[in-house]
Amino acid sequence: MNCANQPAAATTQVPLALETSGVGLACELPADSGSDGRIWIPAGVSFRIRIANPAYRARLLAAIFDLVPDPDLRLVLLGAEVSALGMAERIALRARLAFLAAAGGLLSNLSAWENIVLPLGCHHPQRLQGIAVEVDALVSELGGVPKVLLGKLPEEMTLLEKKLTGFVRILLEAPDLVLVENFAAGLDSAGRTRLPYFANTYHARHPGGTFVQLEDVLGE
């Protein structure tokens, strides 16, 4: 079920086997991980999941973005069993993933504008021409004010502005899987309502993409 308008709690009604076809993210965790033991998220949806044990939550994130799962953590990403991939395939898969850290994940010595365009300048410099119009439109769509935000350093931003800046950077990279770390943490009630706008904006640009919110506590 596509839940882009309202992220849903992870379901425990999953296939008996950990399948790969049509999967955005799936894994099997040890019994003491503080979760139901299995996560199974189809591609193309918005979803939220909770792993109560912080150590296993950190292990899962490390496995996803380092693409080197622990022997007892089976991992499927974007239809691929990670342990079966060669190094070149893992590098290609990593390029299709993105992570929005709880604090935005920004470089402290760069402005919002510089944080947003740095990855493009490094990896896709040909896209920089005319990118300002697209960035302004995305910032506005997500509830920010480009003229106010883009010149700020992270230390001058609110937490929501940091998250917004990090997410605009992600949108320009067009990943197939986005993981958002505990979006609600540190935000007031108005700020927490912005998450559906982030998910909707992502799916409007990338209908086949998978948007996963990794929470500390469901419903916060």
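Residues numbered from 1 in each chain as written. Predicted model: local features only at pLDDT ≥ 70, side-chain atom pairs only at ≥ 80, totals over all residues. Heavy atoms only, no water.

(A) Up close: helix α1 (residues 54-66). Between the first and last C-alpha of α1 there are 18 Å, a value that for 13 residues agrees with the 18 Å anticipated at 1.5 Å per step. Every buried residue belonging to α1 is among Tyr56, Arg57, Leu60, Leu61, Ala63, Ile64 and Phe65, and all of these are buried. Positive phi appears at Leu67, one or two residues downstream of α1, with a value of about 60 degrees. (Helix = DSSP H or I, 4+ residues; strand = E, 2+ residues; numbered from the N terminus. Expected span 1.5 Å × (residues − 1). Buried < 20%, exposed > 50% of the residue type's maximum accessible area, 1.4 Å probe, protein only.)

(B) Region of interest: the pattern of salt bridges. Throughout the structure, instances matching the rule amount to 4 salt bridges. One salt bridge in this structure joins Arg205 and Glu134, with 2.6 Å as the shortest N-O distance. Of the two residues, Arg205 is situated in helix α8 (residues 195-205) and Glu134 in helix α4 (residues 131-141); the sequence distance between them amounts to 71 residues. Residue classification places Arg205 among the partly exposed positions, given a relative accessible area of 38%. (Salt bridge = Lys/Arg side-chain N within 4 Å of Asp/Glu carboxyl O.)

(C) Region of interest: the packing of helix α6 (residues 159-173) against α8. Where α6 contacts α8, the axes come no closer than 11 Å and their chain directions differ by 10 degrees. The orientation of α6 relative to α8 falls into the category roughly parallel. Only Phe198, Thr201, Tyr202 and Arg205 of α8 make contact with α6, whose side of the interface consists of Lys163, Leu164, Phe167, Leu171 and Leu172. Within the contact of α6 with α8, the residues separate by chemical class into 6 nonpolar, 1 polar and 2 charged. (Axes fitted to C-alpha atoms, helices over the stretch in contact; angles between N-to-C directions. Parallel < 35°, antiparallel > 145°, perpendicular 65-115°, else oblique. Contact = heavy atoms within 4.5 Å. Nonpolar A, V, L, I, M, F, W, Y, C, P; charged D, E, K, R; others polar.)

(D) Region of interest: the packing of aromatic side chains. Tallying each qualifying case throughout the model produces 5 aromatic pairs. Between Phe167 and Phe198, the aromatic rings sit 4.7 Å apart at their centres with planes inclined by 15 degrees, giving stacked as the arrangement. A residue pair is termed long-range when its members are at least 10 positions apart, and Phe167 in helix α6 and Phe198 in helix α8 qualify at 31 residues. Looking at Phe167, the relative accessible area reads 0%, which means it is buried. (Phe/Tyr/Trp six-rings, centres within 6.5 Å; stacked < 30°, edge-to-face > 60°.)

(E) Highlighting the sheet that holds strand β6 (residues 80-81). Reading across from one edge, β3-β2-β5-β6 is the order of the 4 strands in this open sheet, with antiparallel pairing throughout. Strands with a single pairing partner mark the edges of an open sheet, and in this sheet they are β3 (38-42) and β6. Looking at chain direction, strand β5 (residues 74-77) and β6 are connected through 2 bridges and run antiparallel. Across the sheet, Leu77 pairs through a bridge with Ala80, a residue of β6. Contacting β2 (23-28), β3 and β5, α1 runs over the sheet at an angle of about 50 degrees to β5. (Pairing = 2+ DSSP bridges.)

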